[in-house]
Amino acid sequence: MRQDEADGELVLRALGGDEEAFAGLVARHRGRGIRFAMAMLGDASDAEEALQDAFVRAYRGLKGCREPDRFGAWFLRILVNRCRTRGARRRVGAMFVRDEAAMERAAAPRGEDPEWREEIERALARLDPMQREAFLLKHVEGMEYEEMARLTGARIPALKMRVKRACDHLKVLLREVDDVRVP
Amino acid sequence: MSESHDDPLIARVAGELRRPVPLSPDFDARVMAAVRRAPPRLPVRVWAWVREPRTVAVSPLGGLAMAAGVAALVLVGAWGSRPSAISHRPSAVRAAGTAPSVTFVFLAPQASSVALAGDFDGWDAARLPMRREGPGLWTVDVPLAPGRYQYAFVVDGRRFVPDPSAPRASGEDFGTPTSVVTVGGAARVAGGSL
Amino acid sequence: MLAALACALGMPAAVRAQAERLGGRLDEPTRAAVAALVDSARAAGLPATPLVNKALEGASKGADGARITAAVRALAGDLTRARAALGPTASEPELVAGAAALRAGAAPAFLARLRSEYPGAPVVVPLAVMADLVARGVPADTAGRAVLALARAGVRDAELVAFRQSVERDIALGAPAGAAAAVRVNAAERDLGATTPTGSPGAAAQPPRKP
């Protein structure tokens, strides 16, 4: 796969049976996918399984990608649905279970402040799943509300309300932490 | 836009969540392994054998069997069972010194009769009646010298129907579309003037 | 007259027989008009068989005389232009395929350019593939560029047919026709190691550029 091949070209080649082309799509979109899935599900194993599941479903349903050049948006919709399904099956609070092994393989990046990352994840976990999803799509993925409406099937006013409530809740949860953290 | 968009805390949260998240080193391999195990999509299975090398005689059979096969596979798939591979293979059998024989196939379960009419038989439907083989499949073998021929299937002696999977001739001189088959190879010079 | 004409041209027996029956299947004015067109074409060195076939097609489909005559005249014109572009040694199948390409929108310069890319070899299949791609919705200039690019890369008949089938498959799966052709020809050129940029078949013929 050439680095300058657009998603549209890769999709068409993959439709023709070129597995390497689909591998190229995986490589190109896995980073954004795991970022979203991890933030939605809060668990590395779950997130990777959801992402893998989404790629397999995308492969099987690739002919349904009507705009090959917009594969990314089409794939994200599949991933959003996979995360919804997986999240619904998990027990509430499971996100907070951490053992040593989980810590070892935790996908959370060891950035400058891992504790801050962990607090964010705890706060996200306390959000209503639909609010969490809307917040991630809007503020992390940078989507416009029109695109979010197409992806989720929800109406724009409802999406705006979810985002606002998510932000308000996060501010409450994290401002306490932030206040404590300020030296 | 919500005031939250400009809130510095939200911006910091979003920035943190945009950091790259590591994946297991074998993630790509696991995905591709799962992809290969996934049930094949219908068009890829059907198209795979069409791409295999064949003689230059372009047979509509390949495309037609595939179209019929795709229709059959779609039906099977809709009922939940796993589709089976197509068993037809295009044939361009050539006896020494003769033109290759091109097999035409047409799927018409409701027809009482199907004939082939085209440039190779003076558009006379009586010359090339097709024989019924299998449920709704009509076939006939026609030796064709290199060239490009327009044709259509004549259903029940009156309806001219183009081949659904063959290329169409540009324009419709007489109100109904015709299909095209091309046979490659060398040919004599036209006109007999040399 | 048509039967005698058919015999003189050495047309296949089946077509001769059909030519004989043409008199019975066309009204006299139409038969005379078609015969005149065939005579003119033959005098100009064009093949008569495609013209007779066109008239027989119209007769079989029950078209009126005026429509049959118009179709035969149009085909004679296309064959004339195809001969001018492909040269006097063009075979009957090449002229028929060339006429189809012209009708699909190819410029005569495209036919001439294609001839130069395949010196001494028949161009029936490249011409047919170009026309077939247009019939599937690929814009004429895109189809022509694709065929020329593949010709310059040394692609032969069987691969040209496979290319057309690949494009048709992509279109059937929902890809825009022009994009499908462009993607496939880019892939084919990469596979063959060809890098020469293509020219427009509508422009004046350029000297062939080698990759």
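For clarity, every value in this text was computed on a predicted model and none was experimentally measured.

Draft legend 1. Region of the structure containing the overall build of chain C. For chain C, the helix and strand inventory stands at eleven helices and zero strands. Across the 211 residues of chain C, 57% fall into the buried class. Within chain C, residue pairs in contact and separated by at least 24 positions form 67% of the contacts whose partners lie at least 6 positions apart.

Draft legend 2. Expanded view of the overall build of chain B. Check the secondary structure of chain B and you find four helices and eight strands. Reading the helices (α) and strands (β) of chain B from amino to carboxyl end gives α-α-α-α-β-β-β-β-β-β-β-β.

Draft legend 3. Expanded view of the pairing of strand β8 (residues 179–183) of chain B. All names here are of chain B. Most of β8 is tucked away: five of the five residues are buried. Across the two faces of β8 the burial is the same, with Ser179, Val181 and Val183 and Val180 and Thr182 all buried. In this structure, strand β6 (residues 147–155) lies alongside β8, joined through five bridges in antiparallel fashion. Directly across from Arg148, in β8, lies its bridge partner Thr182.

Draft legend 4. The arrangement of the interface of chain A and chain C in detail. Between chain A and chain C, the residue contacts involve nine residues of the former and ten residues of the latter. Looking at the side of chain A that touches chain C, its residues break down into three nonpolar, two polar and four charged.

Draft legend 5. Representation of the environment of Ile34(A). Structurally, Ile34(A) is set in helix α2 (residues 19–41). Spatially, the C-alpha atom of Ile34(A) lies 6.4 Å from that of Ala47(A), the residues being 13 residues apart in sequence.

Draft legend 6. Examining helix α7 (residues 129–140) of chain A more closely. All names here are of chain A. The end-to-end C-alpha distance of α7 is 15 Å, a good match for the 16 Å that twelve residues give at a rise of 1.5 Å each. Counted residue by residue, α7 has nine buried out of twelve residues, so it is predominantly covered. All of the buried residues along α7 are Gln131, Arg132, Glu133, Ala134, Phe135, Leu136, Leu137, Lys138 and His139. A positive backbone phi angle near 70° is found at Gly142, which sits one or two residues after α7.

Draft legend 7. Broad picture of the packing of helix α3 (residues 44–60) of chain A against helix α2 (residues 27–37) of chain B. Two numbers describe how α3(A) lies on α2(B): the axes approach to 9 Å, and their chain directions differ by 40°. By the angle between their directions, the pair α3(A) and α2(B) is classed as oblique. Handedness of the α3(A)/α2(B) crossing: right-handed. In this structure, α3(A) contributes Glu48(A), Gln52(A), Phe55(A), Val56(A) and Tyr59(A) to the contact, and α2(B) contributes Phe27(B), Arg30(B), Val31(B), Ala34(B) and Val35(B). Split into classes, the residues belonging to the contact of α3(A) with α2(B) amount to seven nonpolar, one polar and two charged.

Draft legend 8. Structural context of unusual backbone geometry. Residue and element names in this part refer to chain B. Of note in the backbone geometry, Trp123 takes a positive phi value of approximately 55° without being a glycine. Secondary-structure assignment places Trp123 in the loop between β3 (114–118) and β4 (131–132). For Trp123, a count of 27 C-beta atoms within 10 Å puts it in the buried group.

Draft legend 9. Representation of the nonpolar core. The biggest cluster of nonpolar side chains holds 156 residues, and the ones touching the most others in it are Ala37(A), Leu79(A), Ala100(C), Ala101(C), Leu127(C), Met130(C) and Leu150(C). Apart from residues lying up to four places away in sequence, Met130(C) is in contact with Ala101(C), Ala104(C), Ala106(C), Ala143(C), Gly144(C) and Val147(C).

Draft legend 10. Structural detail: the pairing of β3(B). All names here are of chain B. Here β3 lies mainly inside the structure; five of its five residues are buried. Sheet analysis places β3 next to β6, joined by five bridges and oriented antiparallel. Residue pairing for β6: Ala115 is matched across the bridge by Val154.

Draft legend 11. Representation of the packing of helix α7 (residues 108–117) of chain C against helix α9 (residues 140–152) of chain C in the model. All names here are of chain C. Contact geometry for α7 and α9: axes closest at 9 Å, N-to-C directions at 15°. One way to sum up the angle between α7 and α9 is to call them roughly parallel. Crossing handedness for the pair α7 and α9: left-handed. Contacts from Phe110, Arg113, Leu114 and Glu117 in α7 reach Gly144, Val147, Leu148, Ala151 and Arg152 in α9.

Draft legend 12. Spatial organisation of the confidence of the model for chain C. Residues and elements named next belong to chain C. Looking at chain C, pLDDT values average 80 and 80% of them are 70 or higher. When mean pLDDT is taken per element in chain C, helix α5 (residues 65–86) scores highest with 94 and helix α1 (residues 2–8) scores lowest with 47. Here residues 1–10 is a poorly scored stretch, pLDDT under 50, and it has 20 contacts once near neighbours within four places are set aside; other chains count. Under a pLDDT of 50 for its full length, residues 195–211 has, in the predicted model, 32 contacts with residues more than four places off or in other chains.

Draft legend 13. A look at helix α6 (residues 114–125) of chain A. Taking 1.5 Å per residue as the helical rise, α6(A) with its twelve residues ought to reach 16 Å, and the 17 Å between its terminal C-alpha atoms agrees with that figure. When α6(A) is considered as a whole, its buried residues turn out to be Glu119(A), Ile120(A), Glu121(A), Ala123(A) and Leu124(A).

Draft legend 14. Seen up close, the environment of Leu114(C). All names here are of chain C. Examined against the element boundaries, Leu114 turns out to sit in helix α7. With 25 C-beta atoms counted inside 10 Å, the residue Leu114 sits in the buried group. Separated by 29 residues in sequence, Leu114 and Ala85 place their C-alpha atoms 9.7 Å apart. Leu114 has contacts with Val123, Pro126, Leu127, Val147, Leu148 and Ala151, leaving out every residue within four places of it along the chain.

Draft legend 15. Here's a closer look at the environment of Asp121(B). Locating Asp121(B) in the fold gives a position in the loop between β3 and β4. It is 9.3 Å that separates the C-alpha atoms of Asp121(B) and Tyr151(B), two residues lying 30 residues apart in sequence.

Draft legend 16. How the structure looks around the confidence of the model for chain B. All names here are of chain B. Looking at chain B, the pLDDT average stands at 68 and 61% of residues meet or exceed 70. Within chain B, the lowest mean pLDDT, 36, falls on helix α4 (residues 60–78), and the highest, 94, falls on β3. Low pLDDT (under 50) marks residues 186–194, which in the prediction has 24 contacts with non-local residues, meaning those over four places away or in another chain.

Reading the values: rules and limits
Residues numbered from 1 in each chain as written. Chains lettered and ligands numbered in written order. Predicted model: local features only at pLDDT ≥ 70, side-chain atom pairs only at ≥ 80, totals over all residues. Helix = DSSP H or I, 4+ residues; strand = E, 2+ residues; numbered from the N terminus. Buried ≥ 20, exposed ≤ 12 C-beta atoms within 10 Å, placed from the backbone. Contact = placed C-beta atoms within 7 Å. Pairing = 2+ DSSP bridges. Nonpolar A, V, L, I, M, F, W, Y, C, P; charged D, E, K, R; others polar. Expected span 1.5 Å × (residues − 1). Axes fitted to C-alpha atoms, helices over the stretch in contact; angles between N-to-C directions. Parallel < 35°, antiparallel > 145°, perpendicular 65-115°, else oblique. Left-handed = near helix turned anticlockwise from the far one by under 90°. Core = buried A, V, L, I, M, F, W, Y, C linked by C-beta atoms within 7 Å. pLDDT = per-residue confidence, 0-100.

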